[in-house]
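Examining the three-dimensional arrangement
Spelled out, the chains give:
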Amino acid sequence: MTAIKHALQRDIFTPNDERLLSIVNVCKAGKKKRNCFLCATVTTERPVQVNVVKVKKSDKGDFYKRQTAWALRDLAVVDAKDAIKESPEFDLHFDKVYKWVASSTVEKNTFISCIWKLNQRYLRKKIDFTNVSSQLLEELPKVAEESVPSGENQSVAGGDEEAVDEYQELNAREEQDIEIMMEGCEYAISNAEAFAEKLSRELQVLDGANIQSIMASEKQVNILMKLLDEALKEVDQIELKLSSYEEMLQSVKEQMDQISESNHLIHLSNTNNVKLLSEIEFLVNHMDLAKGHIKALQEGDLTSSRGIEACTNAADALLQCMNVALRPGHDMLHAVKQQQQRFSDLREQFARRLASHLNSVFVQQGHDQSSTLAQHSVELTLPNHHPFHRDLLRYAKLMEWLKNTDYGKYEGLTKNYMDYLSRLYEREIKDFFEVAKIKMTGTTREGKKFGLHGSSGKLTGSTSSLNKLSVQSSGNRRSQSSSLLDMGNMSASDLDVADRTKFDKIFEQVLSELEPLCLAEQDFISKFFKLQQHQSISGTATNEAEEMDGGTLSRSYASGIPQTISSEKDMIRQMMTKIFRCIEPELNNLIALGDKIDSFNSLYMLVKMSHHVWTAQNVDPASFLSTTLGNVLVTVKRNFDKCISNQMKQMDEVKISKKSKVGILPFVAEFEEFAALAESIFKNAERRGDLDKAYIKLIRAVFVSVEKVANESQKTPRDVVMMENFHHIFATLSRLKISCLEAEKKEAKQKYTDHLQSYVIYSLGQPLEKLNHFFEGVEARVAQGIREEEVSYQLAFNKQELRKVIKEYPGKEVKKGLDNLYKKVDKHLCEEENLLQVVWHSMQDEFIRQYKHFEGLIARCYPGSGITMEFTIQDILDYCSSIAQSH
């Protein structure tokens, strides 16, 4: 270990001007056994710095390198783990805890002892030595206390501290003296004994000189002692004078203390007076109400704009005085209590006067507005409440003051306003809807024709005649439909378009009148009653269908704090529901009337109502108007669905006549009318999806019903019914270009084409029956394996038999057969669809195809025979053209 110590001193610490005092071989606790050295060092320069340095052996060689250094002043705790039992483990607490295991307990104890001594000598800070044996520390307490007198370098007991002082460098003066002495005695190096003897003789000479000097100075010592005695006497006299001065100053000190105490009391009194003046000024400035304000509150004119402004300013000033933040203890002053009571009386008196005046204004508004109802009774307009709102908005700030100061009276005014205005609006709205119903039905007499009784809007006309509609011939179908319309007034297909347009305009005007009325009233309520319209709310808007009674608002607020109503926006919606409670029932009655007049009116109402709901939701999705119109829209949509269901039901219940041809079925024509009307109504509408769904339901029902009627038809062939009706459907869908029915349009075209071909083949049959049977036999022989050119050698199918069959079908007989066929087709087809020429042209093409087939067989099976038909293709074309022109 000594060799390592010297090596470390030479290689690491001497270059850094440090001296190594103690060393311990350690490794980290719990880690892989990788040894290193902890060294205690001090610097050679002053001020002395004490460090603990970690040194480890380099991985690339046998030399050591300095890894980490800690200042001893940063060491907080030295933990030896166990003071009784010897253990090589110990901890050093610097910025964190470092756990070490020494190679031996002796090295550990020596290192800890050195740390303790260095701390005592150089730092004198309190390092906590925990679990350290007292034997290591008890040997040096006294030496440590005496080891550093007046900054001199004293030796510390212990082997390591002796090492600290075993070498002291010479200063410059000492080096110079030694050099002079060595120069005077050059032989000192070669003859040390002679040099030492010379030094001894010089020392004896110096000692003798010193003794002689001391003896010579004895006289001066006696003189000095005498002077010291005299000085002591002078000191005693001075002490006596100082004692007398101190007694005199003691009395002065007592007087000054009394003066200082008196000044402190005066300063304290002045401070209290300043604070008291500040408190009085605060109360006077913040709790003094001007006489003008008091007069305005007691006698101010609440009818004029100037008086209302004066009352508003006075009320605000009163509120500020009442809401002033009093400092601790103010509320115990009698004057403050009196002023607060006076303010409370003024507030109560003015609140009572304001509430009474506003109640009178509400009542007067009901009377004034009733006088204007007569002039609106003949016009489809609602009275304008803007003047009334404008007059009341002058009191908006006073209402806000009342809401903040006396919520009970504010709540009472709110209830009274709802009561008065709900009755007024109910009269106005009912009269308005009565005028709308009269205009829809023409006159009140015509209204009775529709079964109207009062404002109930019920229609008593029967619709059962539609369900009994039968499929008639094309000649009398329209007349029969007209008679049915005259009976029931309910067939949507023949109602006057002008009546529907009139209904649409009236319904739009009703909604256009209601919407600004509700929005204006909601805006007024928000501004007058100081309720926030745009406060954010959570969740979706629910319908406040339950009517508020007189105590709803009272229960909603306890001590002026909302409990049941989640926001002021809910309160606005509740007030609107109470005031306009009759709008939704009246709208439902009007919708029921329109639906009874004409079920197709539900299309107009669905589009108009959807547009207004969309507009209202863009403004405020949770408003009363949006909620009410949304509820009514549900009813309209239900009526629309009912209209579609009724049409489908009528299709399912349709009956056909057994005596007349079918033609275009009534529900097919009605679908065409419905689709044309719906496309004109729903152009650019918001609820196009509802119509598309209805289209799908209706067209599928039409397809099913057409097939059902075609299967039940006895007078008209099934293919004709399918062909004509699907052709009509295809033409309708092609003309209207309904995007959602593209697949159905293609299906209708396919069905029309298939049944046209089927009808042509069925009706044409075999116009050359014997010739057809002959060639069927020829084809059968070929199918059996006989070559086509050898068929003519068969006895039943020789050339003689072929000529005999051909002679039976001259051109005259063929023309006669085609003429009978044309008459038969004409009898089957209806005039409305105008498909006769199309069918006839298809039959002509089919006949020509059969003719070419026969000629082909003759050319292949009877080559070179010169046998031909009695007529040509041109003859067929001439026959068909002549027959068509003749009819």
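Residues numbered from 1 in each chain as written. Predicted model: local features only at pLDDT ≥ 70, side-chain atom pairs only at ≥ 80, totals over all residues. Heavy atoms only, no water.

For the chain, the name recorded in an unreviewed UniProt entry is Exocyst complex component 1, with Strigops habroptila as its organism. Within the UniProt record for the chain, the comment given under Function (unreviewed entry) is "Component of the exocyst complex involved in the docking of exocytic vesicles with fusion sites on the plasma membrane." Recorded under Subunit (unreviewed entry), the UniProt text for the chain is reproduced unchanged: "The exocyst complex is composed of EXOC1, EXOC2, EXOC3, EXOC4, EXOC5, EXOC6, EXOC7 and EXOC8. Interacts with EEF1A1. Interacts with SLC6A9; interaction increases the transporter capacity of SLC6A9 probably by promoting its insertion into the cell membrane." (UniProt positions renumbered as here; feature names shortened; annotations may be inferred.)

Here helix 10 (residues 305-322) spans 26 Å end to end across 18 residues, near enough to the 26 Å set by a 1.5 Å rise per residue. Among the residues of helix 10, Gly307, Ile308, Cys311, Thr312, Ala314, Ala315, Ala317, Leu318, Leu319 and Cys321 are the ones counted as buried. (Helix = DSSP H or I, 4+ residues; strand = E, 2+ residues; numbered from the N terminus. Expected span 1.5 Å × (residues − 1). Buried < 20%, exposed > 50% of the residue type's maximum accessible area, 1.4 Å probe, protein only.)

Let's shift gears to the side chain of serine 623. Looking at where serine 623 falls in the secondary structure, it is placed in the loop between helix 23 (601-619) and helix 24 (624-653). Accessibility expressed as a relative area gives 5% for serine 623, which makes it buried. Look past the residues within four positions of serine 623 in its chain and what remains in contact with it is Gln522 and Arg573. (Contact = heavy atoms within 4.5 Å.)

Here we come to the environment of lysine 823. Turning to its location among the elements, lysine 823 is positioned in helix 31 (residues 811-828). A C-alpha to C-alpha distance of 9.9 Å links lysine 823 and alanine 884, two positions 61 residues apart in sequence.

Another aspect to go through is the packing of helix 25 (residues 666-681) against helix 27 (residues 718-736). Packing of helix 25 against helix 27 brings their axes to within 10 Å, and their N-to-C directions diverge by 5 degrees. The angle between the axes of helix 25 and helix 27 places the two elements in the roughly parallel class. Residues Val668, Phe671, Glu672, Ala675 and Ala676 of helix 25 lie in contact with helix 27, whose contacting residues are Asn725, His728, Ile729, Thr732, Leu733, Arg735 and Leu736. A per-class count over the contact of helix 25 with helix 27 returns seven nonpolar, three polar and two charged. (Axes fitted to C-alpha atoms, helices over the stretch in contact; angles between N-to-C directions. Parallel < 35°, antiparallel > 145°, perpendicular 65-115°, else oblique. Nonpolar A, V, L, I, M, F, W, Y, C, P; charged D, E, K, R; others polar.)

The next subject is a nonpolar patch on the surface. On the surface, Val221, Leu224, Met225 and Leu228 cluster together into a nonpolar patch covering about 360 Å² of accessible area. Within the secondary structure, methionine 225 is located in helix 8 (residues 218-286). The partly exposed category is assigned to methionine 225, whose relative accessible area is 45%. (Patch = residues over 30% accessible without salt bridge, like charges linked within 9 Å, V, L, I, M, F, W, Y side chains within 5 Å. Areas by Shrake-Rupley, 256 points an atom, 1.4 Å probe, with all protein chains shown as cover. Salt bridge = Lys/Arg side-chain N within 4 Å of Asp/Glu carboxyl O.)

Below, the discussion takes up the packing of aromatic side chains. Aromatic rings in a pair are described by how distant their centres are and how their planes are angled relative to each other. For the coordinates displayed, the defined rule picks out 29 aromatic pairs. Ring geometry for tyrosine 98 versus tryptophan 100: centroids 6.4 Å apart, planes at 10 degrees, classification stacked. Across the pair, exposure class does not vary: tyrosine 98 and tryptophan 100 are buried alike. Between tyrosine 407 and tyrosine 410, the aromatic rings sit 5.2 Å apart at their centres with planes inclined by 45 degrees, giving tilted as the arrangement. Highlighted residues: tyrosine 407 and tyrosine 410, both in helix 15 (residues 407-441), separated by three residues, approximately one helical turn. Both residues of the pair, tyrosine 407 and tyrosine 410, belong to the buried class. A connected cluster of aromatic rings, assembled from ring pairs, spans Phe362, Phe388, Tyr407, Tyr410, Tyr417, Phe524, Phe528 and Phe529. (Phe/Tyr/Trp six-rings, centres within 6.5 Å; stacked < 30°, edge-to-face > 60°.)

Taken in spatial order, the eight strands of this open sheet run 4-3-2-1-7-6-5-8, and their pairing is mixed. Since the sheet does not close on itself, it has two edges, and those belong to strand 4 (64-71) and strand 8 (128-130), each with one partner. Across this sheet, the average inter-strand angle for adjacent strands is 30 degrees, counted without regard to direction. In this structure, strand 5 (residues 77-79) lies alongside strand 8, joined through three bridges in parallel fashion. Each bridged residue has a counterpart across the sheet, and for aspartate 79 the counterpart in strand 8 is threonine 130. (Pairing = 2+ DSSP bridges.)

Moving on, we get to the pairing of strand 2 (residues 36-43). Burial within strand 2 is extensive, with eight of its eight residues counted as buried. Neither face of strand 2 is left uncovered, since the one carrying Cys36, Leu38, Ala40 and Val42 and the one carrying Phe37, Cys39, Thr41 and Thr43 both have all their residues buried. Note: strand 1 (residues 18-28) against strand 2, eight bridges, orientation antiparallel. What sits directly across from asparagine 25, in strand 2, is phenylalanine 37. Turn length for the strand 2-strand 3 (residues 50-57) hairpin, with the two strands adjacent in sequence and antiparallel, is six residues.

What follows covers the state of the cysteines. Here is the idea: a disulfide is a covalent bond, and it sits between the sulfur atoms of two cysteines. Following the criterion strictly, the structure yields zero disulfides and no others. Considering cysteine sulfurs only, cysteine 518 is the nearest to cysteine 582, which forms no disulfide, with 9.5 Å between them. (Disulfide = S-S within 2.5 Å.)

What follows concerns the pattern of salt bridges. Counting across every chain of the model gives 34 salt bridges. Among the ionic pairs, glutamate 348 bridges to arginine 352, the shortest N-O distance being 3.4 Å. Separated by four residues within a single helix, glutamate 348 and arginine 352 lie in helix 11 (residues 334-370), roughly one turn from each other. Between aspartate 504 and lysine 608 there is a salt bridge; the shortest N-O distance is 4.0 Å. With aspartate 504 in helix 19 (residues 497-528) and lysine 608 in helix 23, the pair connects residues that are 104 residues apart, well separated along the chain. Classification of aspartate 504 by relative accessible area gives buried; the value is 16%. A relative accessible area of 23% places lysine 608 in the partly exposed class.

For the rest of this paragraph, the subject is the side chain of aspartate 91. Mapped onto the elements of the fold, aspartate 91 is located in strand 6 (residues 89-93). Reaching out from aspartate 91, the side chain makes a polar contact with the side chain of lysine 81 at a distance of 2.6 Å. Looking at aspartate 91, its side chain comes within polar contact range of the side chain of lysine 99, at 3.4 Å. Dropping the residues within four chain positions of it, aspartate 91 is found in contact with Val77, Val78, Asp79, Lys81, Val97, Tyr98, Lys99 and Trp100. (Polar contact = N/O pair within 3.5 Å; in protein donor to acceptor, adjacent residues only side chain to side chain.)

Take the confidence of the model for the chain next. When the pLDDT values of the chain are averaged, the result is 78; 83% of them are 70 or greater. Ranking the elements of the chain by mean pLDDT puts helix 17 (residues 464-467) last with 33 and strand 2 first with 93. Scored below 50 in pLDDT, residues 140-167 makes 42 contacts in the model with residues more than four places away or belonging to other chains. Scored below 50 in pLDDT, residues 535-565 makes 45 contacts in the model with residues more than four places away or belonging to other chains. (pLDDT = per-residue confidence, 0-100.)

Counting residues in hydrophobic clusters, the biggest one holds 175 residues, and the most contacted among them are Tyr417, Val510, Leu771 and Val839. Leaving out residues up to four positions away in the same chain, valine 839 has contacts with Met723, Leu756, Tyr759, Val760, Val825 and Leu829. Among the nonpolar cores identified, the runner-up in size contains 31 residues, and Val24, Val26, Leu38 and Tyr98 belong to it. (Core = buried A, V, L, I, M, F, W, Y, C linked by side-chain atoms within 4.5 Å.)

Once that is clear, we can look at the packing of helix 19 against helix 21 (residues 568-579). Contact pair helix 19 / helix 21: the axes reach a minimum separation of 10 Å and the direction vectors enclose 130 degrees. Taken together, the axes of helix 19 and helix 21 are oblique relative to one another. Between helix 19 and helix 21 lies a crossing whose hand is right-handed. Residues Cys518, Glu521, Gln522, Ile525 and Ser526 of helix 19 touch helix 21, and the partners they reach there are Ile572, Met575, Met576 and Ile579. (Left-handed = near helix turned anticlockwise from the far one by under 90°.)

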